[in-house]
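Structural description and commentary
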Amino acid sequence: MPETMAQLITLAPKDFRSEVKPTWCPGCGDFGVLSATYKALADLHLKREEVVVVSGIGCSSRFPYFLSTYGMHTLHGRALPVATGIKLTRPDLTVLAAGGDGDLFSIGAGHTPHAAARNIDICVLNMDNQTYGLTKAQASPTSLLGHKSKSTPYGVIAQPMNPVLLALAAGASFVARGYSARPKLLTDMIKAGITHKGFAFIHTQSPCVEFHNTFEYYDQRVEEVPADHNPRDLEAAMRLALHPDKFYVGIIYQNERPTFEITAHEFEQEVRPFDGAAYLSQFA
Amino acid sequence: MPETMAQLITLAPKDFRSEVKPTWCPGCGDFGVLSATYKALADLHLKREEVVVVSGIGCSSRFPYFLSTYGMHTLHGRALPVATGIKLTRPDLTVLAAGGDGDLFSIGAGHTPHAAARNIDICVLNMDNQTYGLTKAQASPTSLLGHKSKSTPYGVIAQPMNPVLLALAAGASFVARGYSARPKLLTDMIKAGITHKGFAFIHTQSPCVEFHNTFEYYDQRVEEVPADHNPRDLEAAMRLALHPDKFYVGIIYQNERPTFEITAHEFEQEVRPFDGAAYLSQFA
Amino acid sequence: MTTRSEIIMRLGGEGGEGVISAGDFFAQGSARTGYHLFTFRTYPAEIKGGHAWYQVRVGPNPVRSMGDGVDVLVAFNAEAYFNHKDTLNPDGVLIYDPDTVTPAGGHKTVYPIPFNKIAKDELNFFRGKNMVVTGAIAGLFGLEPSSLEGLIKQRFHRRPELLEQNLRALYNGYDFARKKLEKQDPFYLGEPATRVARLVLSGNDAIVAGALFAGCRYYAGYPITPASEILEGMAKELPKLGGVSLQAEDEIASIGSVIGASFAGAKAMTATSGPGLALMTEFLGYAGMSETPCVIVDAQRSGPSTGMPTKLEQGDLNHSLYAGHGDFPRAVIAPGSVGDCFFQIINAFNMAERYQLPVIFLSDQSLSHRTEAVTMPDLGKIKVTDRLQPSAADLKNSHFQRYRLTASGISPMSVPGTPGGMYVAPGLEHDELGHVDNPLESHLKMMPKRQAKVEACRQEASRDCCARYGDPDAKIGLIGWGSTEGAIQEAVDRARAAGHKVAALHPKVVYPLPFEEIQRFVDSVSHVIVPEVNFSGQFARYLRTEVDVHPIRVNKYAGLPFMPREIYRKIEEVANHA
Amino acid sequence: MTTRSEIIMRLGGEGGEGVISAGDFFAQGSARTGYHLFTFRTYPAEIKGGHAWYQVRVGPNPVRSMGDGVDVLVAFNAEAYFNHKDTLNPDGVLIYDPDTVTPAGGHKTVYPIPFNKIAKDELNFFRGKNMVVTGAIAGLFGLEPSSLEGLIKQRFHRRPELLEQNLRALYNGYDFARKKLEKQDPFYLGEPATRVARLVLSGNDAIVAGALFAGCRYYAGYPITPASEILEGMAKELPKLGGVSLQAEDEIASIGSVIGASFAGAKAMTATSGPGLALMTEFLGYAGMSETPCVIVDAQRSGPSTGMPTKLEQGDLNHSLYAGHGDFPRAVIAPGSVGDCFFQIINAFNMAERYQLPVIFLSDQSLSHRTEAVTMPDLGKIKVTDRLQPSAADLKNSHFQRYRLTASGISPMSVPGTPGGMYVAPGLEHDELGHVDNPLESHLKMMPKRQAKVEACRQEASRDCCARYGDPDAKIGLIGWGSTEGAIQEAVDRARAAGHKVAALHPKVVYPLPFEEIQRFVDSVSHVIVPEVNFSGQFARYLRTEVDVHPIRVNKYAGLPFMPREIYRKIEEVANHA
Ligand SMILES: Cc1ncc(C[n+]2csc(CCOP(=O)(O)OP(=O)(O)O)c2C)c(N)n1
Ligand SMILES: Cc1ncc(C[n+]2csc(CCOP(=O)(O)OP(=O)(O)O)c2C)c(N)n1
Ligand code: SF4
Ligand code: SF4
Ligand SMILES: [Mg+2]
Ligand SMILES: [Mg+2]
């Protein structure tokens, strides 16, 4: 939280850039998400040392190295449990979690609904490229039916996961969608997600230009959430998520409820230092 | 599949009972699910040796021991991957998977949506008692907000998982709900689930009389799916699942699409025996 | 007939009948009177039904094991009688309900007590049967019912009606024993010599208490027998102290969130048993690689796989020492007793924080659930270590060197919120800044750096964790680990009393192993015996990787702790063949 | 100047420039001409950018390692030159683009070739740079471009335009080398003595092929470097054979479904690398306990944690031997070469099926991705074992005894669909029927039963897996495991040529260890050297648990395979000090 006007104006987006040059292929969709994140953090007047960016493993999960904040590059699929531990310990920090479609919906598919159900105040940047980038182009849980890949030479036969619908069903209190090719909107979504008090899930289409370039596909399908959409209406939100052709971007759902980390710290009215002798006396 | 009339009439429900006496507490809801399963298997004229019942770990997961069919009592949360391997290898077998709320929606939460998305032809019996029975009464992912348990002495603060909604969101092609105290309906659901070609998810309230007796609670809330409900309408199905007070039992959703195991075996028109010399010649 | 005030009592019956609470009341009551105690409990993996039993050994002098055989057997049903009658010592006492048990005969002393009839017919309170038993054994063996009354009040203070019924049952049983039975055996507690203030607690209690002392303020866990009480204790206590306890969705999430919490500055712990520990394997390596402190309690139970969840086995040593791909720093600590759980868990936190590595704490089913009477620790002497913080100068560099190369291998660790301390904790190989772009070069530097911490840790372990027990000029040496400490020591005592020269070594830090101390011990004796409650002799094999030794193994894999005589017999055998 | 027809060539450059395919074309072309080869490749963990390099050693006689140093260095850019110039042998050849590299001087022979200019200016096809290089090295070192043409056609047969451009680039480079460079070095392949039919394949290829031969009809896996090609190969091949390959949601599901498939009667396999193997730990124990055969390939990469995913390390031995709670049967097999991958994976399936246990197959990054020329196996000699089926009598009992106690520990295993063969595969301790109600009693019987299988397996391993290489009267013995076999054998050859008495032992089944054979070998020599590509000497330490030995360790942890001279130097050192 900014304290003085001087701090309010100190940091520009580039100040959130680390000295590590992104290792992504030129044109990778993840660059768009990264720039939008720099901008969002700057616009929100956050301090570098009060932000922690946690990721799993994947091309997209290289994210934390490219920011000048604190960060953790953990294990494939495990960004959310780690981020949960950070936020529960330090509710004052801004915690972001970054991960790919494989990371959050294949190997990490068990953690995502639990973080959502808890409504822990983490902002998730899901960079969906419908493929496994880092391991070079196997099918992912969001690959479309029929998609031929190295691991599915005869085509994908599992129905693709719908990350937005799953987040809604699990109880995420903020669900938005963005697209790497729409940087302005993406910045707005990330700002809204960070500002939201509770679990914010931001699904972005972030195409893999090397193995599965879908920019054209999504250019044709992307559309902003209708102006009359009520983001508090869960059923309406699910309808947007289920639309067979359109890829709606914008805030799909938002509803505030108590956050896990705040409630967990309020079980006891009064926190006291540990009194060892008193504690042991129960066993005497 | 029954072959002759003689076989059609051989097996009674009790023939599916093994010589192992269930170790559940008297009155446990799981007895209702077990009897309904015996009856469903008999009604469907299945042979004992052509049925495999797979489970994870939990009170409810003791299920396979009490049937005279083939079975596997695997690891906590892992019934569905194991069942998937069986069904893919032997599409001709009837494969059931049994598990608790913790088994399928806590530690196993990552597997359930994938089995559903694949539409593998397994029938899942989810015995939800909103507690951890076997480990003696900790909170479970379906415990209600505020529920005080050994592990949540100040009350549950995570929003409960909605198994039916999650199964729908993941793409289950058959979703039904039952209640241990309604054996007839439960039998019908299990029969429908087994008969359904594809992933069938049957959510049952199966109260734990020892640690969390909810029979009264559900007696008051249980209601059959309205007669005019169209089980092919996904949005309507989700609405039933989201109802804040009523616990709808019956077939909530059903829609056929190709099953994973059949499609996976049809990639090649013609299956040939392995020709080792020909295979190696590609490296020559 | 001289009175014997050390008693080994075993109670067996159907799970759910209150067998365990009857034993527990007797044990707690004795402890309150000033007696030492050592209990063991085991119940079926099923919730209801199946065979449950409880053993308590009480005595005026410290008791460090289950003891040998059984002095008093209380059989709630026929199964209990047949399962346990052969453990009854020749001069033992059998207590049973004549309506359910027909003894085979040949017992020195028998006391038939119609528990069921008394509870059902006289009290019209069938569930009070176990309280009738509690009262009867109190009466028979010299425990004042008043010492039990307080405990019963504690248990039922929220349900006055039940409290009253239970008290009635207690006194009914007590009166039956006093008035209707003629005392024929020598076992009698009576008034103890001194009334010393002791804590009566289980291993799980001691772990929770020690962790709180060590400064643990984050806990995450997933329920599993026999570790669940640690989750339950932490869930109750941590919020009072501003900490948090999380019931995670699984064990992977548990340890993941613990590592996150530790990164964020908290001392953090998880607890589990074998199946959960197996799932934590990948994160162990990440903690080692990113040098993030954390404590993992493994309350071992009998494996493999789901195995026998309520039974004992020291079967997870191999896993704790070796699991995980690649070489990374870790420590493994195994406490020897309930009291030791308290001190060693503090040690575990100190090591984790000092050396910035994952510490596995190998408790087991017998420690988890047994209770001991422990002398009140000297709280002033407890030392708590915190991780190395960056200096102001460290934070002024343009980039913080989280993984700075130092002689000890220990680098300062900044906490989020600290300006100038920003870094990314990597699972990839990295340089001093944590950057991952030159891994081959970094690997050659960082592997020795991380190993240096293990060496530093070994030195500390060698100083503190390895006291010799027994003869300085022993011919036979025993080396043990974990919860067998008391049984080994009692076996040593007995062997020495029988004239053998015997000593024992019991390292608490089993990795990094204080191998020089151990080699010295090995070289000082002619024969080395390694007793373990497992099938393959995991510790005996492990010893050989670091020490020149040909251990004589004593392996018990019956799901139960050692009786001292099982170890003593091997000492005799070795002594006689030598 | 005598011609030398064994060449070690290394090509280095930016990832994505085609460095690896240039090398690969040269390697494949040589092999087609009848040369032996051994390649090594490594690319950055990033997709684009970073430093990639490729090494190929070709020769008329069998080549079993990377060789020593580099005879020909092809530097695509300055970084490649500086990274690798010190590996260039004194009489080596440097090939570079004068527009990007300025050599430091001191090289015996240099050939500047303006790759970039040729590709960009002459061909107007910048991406053809690597093909220019391919052509140039073919020209310089005596490879007919026609032998390459077929390979290029194979690669680009679907894109005729690209094919044409690439062929032009190839001939352009070839002509440049032939016409514009004056040959000054001795390296020249020329026409080989004999043209033998050999298979050129990678370790991953060999594993897929061997698994299909062994009868594997179910595969499940999750992508991970360097094992992904096994998933990809199985996904392509199994459907043709009526089998199934599943890309599972994670590694836990992979092994879970493999165990399910095996229960259902299929021979089943999964493949992964360290992080995935860590996740499979809990299921390993279930496979052991339920006695369900399965094969787990671990293509080891450099750890710990995510470590260096594209680099080599023999770092998962400890995990493979010891991971998992409790004691359960397993086997661990480590192939020594690409050809061995084929035979040993068949052995792995045979052991899994015969002894009904999980078999871990420890391949590694160098085996996965290197190619070797392998003599066509004698297909008639391949033996395939199936699991023990119940007899008709077995199925007539009122209850099928799935876990019948037998002398070998092996019990018949029924397959679903078989009337009378019904049983539940338990993770809980169980009796012969698989019933779990009397676990304490069962445990005492079943632990030895399961161990008996391991002993039977050990005997088989002792018979087959442990041929001595080198002098019968050696003074110095080397014991190795896994992919170092070739480098060790070449070091032994060199040492013998230098007059030392040396021999090597290389067990393929590392668990259960044929310890008697090894002890005999150890006892037959004065010094034992154990070379390993890891930091801590996992195998050397493990050896000591079973064998009396004080191994002299040679540990390389640079992410790369041994050069024979690194091992040879240690032999010399030991010989000189002896
Ligand atoms: C436990 C484990 N399994 C597998 C891998 C290999 N792996 C690394 S990234 C990845 C998937 C990448 O896909 P995604 O998460 O969609 O990220 P992207 O690279 O597409 O951004 C896999 C399978 C791993 N690192 N760890
Ligand atoms: C990996 C692992 N973690 C934890 C456990 C302990 N455990 C056994 S059953 C269970 C949960 C039981 O709850 P549920 O799945 O709802 O089944 P129920 O007993 O209520 O039928 C747990 C946590 C285990 N066996 N394995
Ligand atoms: S491989 Fe794809 S996802 Fe990865 S960096 Fe390149 S373009 Fe991006
Ligand atoms: S504890 Fe609960 S769930 Fe378990 S058997 Fe008893 S009543 Fe059923
Ligand atoms: Mg992706
Ligand atoms: Mg439950």
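The structure this text deals with has already been given above.
1. Focus on the overall build of chain A
The number of helices and strands found in chain A is eleven helices and eight strands. For 284 residues, the compact-globule formula gives about 19 Å, and the C-alpha radius of gyration of chain A, at 20 Å, lands near that figure. Here the C-alpha coordinates of chain A stretch approximately 70 × 45 × 40 Å along the principal axes. Within the span of chain A, comprising 284 residues, buried residues form 64% of the whole. Within chain A, counting contacts between residues at least 6 apart in sequence, those at least 24 apart form 70% of the total. Treating the 25 positive side-chain charges of chain A as one cloud and the 28 negative ones as another, the clouds have centres 5 Å apart.

2. Digging into the overall build of chain C
Regarding its fold elements, chain C presents 19 helices and 21 strands. The C-alpha atoms of chain C give a radius of gyration of 26 Å, which matches the 25 Å a tight globule of 578 residues would have. For chain C, the spread of C-alpha atoms along the three principal axes comes to 85 × 60 × 40 Å. Put simply, 73% of the contacts in chain C that link residues at least 6 apart link residues at least 24 apart. About 17,800 Å² of surface is accessible on chain C, with carbon and sulfur atoms providing 49% of the total. Separation of charge centres in chain C, based on 59 positive and 64 negative side chains, amounts to 3 Å.

3. Describing the site of ligand 4
Around ligand 4, a shell composed of B:Trp24, B:Cys25, B:Cys28, B:Cys59, B:Asn129, B:Cys208, B:Val209, B:Glu210, B:Phe211 and C:Ile47 is seen. Mapping the residues adjacent to ligand 4 onto the chains of the assembly identifies chains B and C. Classifying every residue of the shell around ligand 4 by side-chain character gives eight nonpolar, one polar and one charged.

4. Overview of the packing of helix H16 (residues 485-497) of chain C against helix H19 (residues 564-577) of chain C
All names here are of chain C. The interhelical angle for the contact between H16 and H19, taken along N-to-C directions, is 50°, at an axis separation of 8 Å. It follows that H16 is oblique to H19 by the angle criterion. When you trace H16 past H19, the crossing you get is right-handed. Judged by residue contacts, Ala-487, Ile-488, Glu-490, Ala-491, Val-492, Arg-494 and Ala-495 of H16 engage Pro-564, Arg-565, Ile-567, Tyr-568 and Ile-571 from H19. Its residues assigned to classes, the contact of H16 with H19 shows nine nonpolar, no polar and three charged.

5. Thoughts on the coordination of the magnesium ion (ligand 5)
All names here are of chain A. The protein atoms that coordinate the magnesium ion (ligand 5) are Asp-101 (OD), Asn-129 (OD1) and Thr-131 (O), at distances spanning 2.0 to 2.3 Å. Taken in sequence order, the residues that donate to the magnesium ion (ligand 5) follow the motif D-x27-N-x1-T. Pair check on accessibility: Asn-129 and Thr-131 agree, each one buried.

6. Some thoughts on the relation of the copies chain D and chain C
The two copies are related by a screw motion: chain D maps onto chain C through a turn of 180° and a shift of 0.0 Å along the axis, at an RMSD of 0.1 Å. Put plainly, the chains are arranged around a two-fold axis. Residue D:Ala323 of chain D places its C-alpha closer to the rotation axis than any other residue of that unit, at 2.4 Å. Interface residue correspondence from chain D to chain C reaches 100%, placing this contact among same-surface, isologous pairings.

7. A closer look at the sheet that holds strand E5 (residues 174-179) of chain A
Taken in spatial order, the nine strands line up as E7(A)-E8(A)-E5(A)-E6(A)-E4(A)-E3(A)-E1(A)-E2(A)-E15(C) in an open sheet, and their pairing is mixed. Two strands bound the open sheet, and with one partner strand each, they are strand E7 (222-224) of chain A together with strand E15 (424-426) of chain C. Going across the sheet, the axis of each strand differs from the next one's by a mean of 20°, ignoring polarity. As paired elements, strand E4 (residues 123-128) of chain A and strand E6 (residues 200-205) of chain A share six bridges and run parallel to each other. Its bridge partner being in E6(A), A:Asp128 is matched across the sheet by A:Gln205.

8. With respect to the pattern of salt bridges
On inspection of all chains with the given rule, the structure shows 89 salt bridges over all chains. D:Asp86 is paired through a salt bridge with D:Lys85; the nearest N and O atoms lie 3.4 Å apart. Residue D:Asp86 is classed as exposed on the basis of its relative accessible area of 66%. D:Lys85 gets classed as partly exposed once you look at its relative accessible area, which sits at 22%. Here D:Arg496 ties to D:Asp471 by a salt bridge, and the two come within 3.0 Å at their closest N and O atoms. A residue pair is termed long-range when its members are at least 10 positions apart, and D:Arg496 in helix H16 (residues 485-497) and D:Asp471 in the loop between strand E16 (468-470) and strand E17 (476-479) qualify at 25 residues. Through salt bridges with shared partners, a single network forms among C:Glu455, C:Arg458, C:Glu546 and D:Arg541.

9. Observations concerning the side chain of C:Ser483
Residue and element names in this part refer to chain C. Tracing the sequence through the fold places Ser-483 in the loop between strand E17 (476-479) and H16. A polar contact is formed between the side chain of Ser-483 and the side chain of Asp-364, at a distance of 2.4 Å. Residues within four places of Ser-483 in sequence aside, it is in contact with Gln-314, Pro-335, Gly-336, Asp-364, Ser-366, Leu-367 and Arg-370.

10. Things to note about helix H15 (residues 439-464) of chain C
Here H15(C) is 26 residues long and its end C-alpha atoms lie 37 Å apart, about the 38 Å a rise of 1.5 Å per residue gives. Of all the bends in H15(C), the greatest reaches close to 25° and is centred on C:Lys445; the proline C:Pro448 follows between one and four positions later.

11. Details of the interface of chain D and chain C
The interface is formed by 56 residues belonging to chain D together with 56 residues belonging to chain C. Together, the buried faces of chain D and chain C total about 5,100 Å²; carbon and sulfur atoms form 62% of this surface. For the chain D face of the interface with chain C, the top three residues by lost area are D:Pro304, D:His325 and D:Asp327, together amounting to 14%. For the pair chain D and chain C, the interface holds four salt bridges. For the salt bridge of C:Arg544 with D:Asp548, the shortest nitrogen-to-oxygen distance reads 3.7 Å. At the junction of chain D with chain C, the criterion picks out 33 residue pairs in polar contact (both at pLDDT 80 or more). Listed by contribution, the elements that provide at least two residues to the side of chain D that touches chain C are helix H10 (274-279), helix H11 (281-290), helix H12 (317-322), helix H15 (439-464) and helix H18 (538-546) of chain D. A per-element tally of the side of chain D that touches chain C places H15(D) first, with eight residues. In the side of chain D that touches chain C, the residues fall into 22 nonpolar, 23 polar and eleven charged.

12. A short note on the sheet that holds E16(D)
Pairing between sheet strands relies on hydrogen bonds along the backbone, with the strands arranged either parallel or antiparallel. Residues and elements named next belong to chain D. Strand order in the open sheet formed by five strands is E16-E18-E17-E20-E21, and the pairing between neighbours is mixed. This sheet does not close on itself; its edge strands, each paired only once, are E16 and strand E21 (552-555). Here the average twist between neighbouring strands, direction ignored, is 25°.

Calculation criteria
- Residues numbered from 1 in each chain as written.
- Chains lettered and ligands numbered in written order.
- Predicted model: local features only at pLDDT ≥ 70, side-chain atom pairs only at ≥ 80, totals over all residues.
- Heavy atoms only, no water.
- Helix = DSSP H or I, 4+ residues; strand = E, 2+ residues; numbered from the N terminus.
- Rg over C-alpha atoms; globule rule 2.2 N^0.38 Å.
- Buried < 20%, exposed > 50% of the residue type's maximum accessible area, 1.4 Å probe, protein only.
- Contact = heavy atoms within 4.5 Å.
- Lys, Arg positive; Asp, Glu negative; His and termini not counted.
- Charge placed at Lys NZ, Arg CZ, Asp CG, Glu CD.
- Areas by Shrake-Rupley, 256 points an atom, 1.4 Å probe, with all protein chains shown as cover.
- Near = heavy atom within 4 Å.
- Nonpolar A, V, L, I, M, F, W, Y, C, P; charged D, E, K, R; others polar.
- Axes fitted to C-alpha atoms, helices over the stretch in contact; angles between N-to-C directions.
- Parallel < 35°, antiparallel > 145°, perpendicular 65-115°, else oblique.
- Left-handed = near helix turned anticlockwise from the far one by under 90°.
- Donors = N, O, S within 2.8 Å, 3.2 Å for Na, K, Ca; no water.
- Least-squares fit on C-alpha atoms with pLDDT ≥ 70 in both.
- Pairing = 2+ DSSP bridges.
- Salt bridge = Lys/Arg side-chain N within 4 Å of Asp/Glu carboxyl O.
- Polar contact = N/O pair within 3.5 Å; in protein donor to acceptor, adjacent residues only side chain to side chain.
- Expected span 1.5 Å × (residues − 1).
- Bend = angle between axes of the 7 residues up to and from the residue.
- Buried area = accessible area lost by both parts, 1.4 Å probe.

Don't take any of this as a statement about function, it's just geometry.
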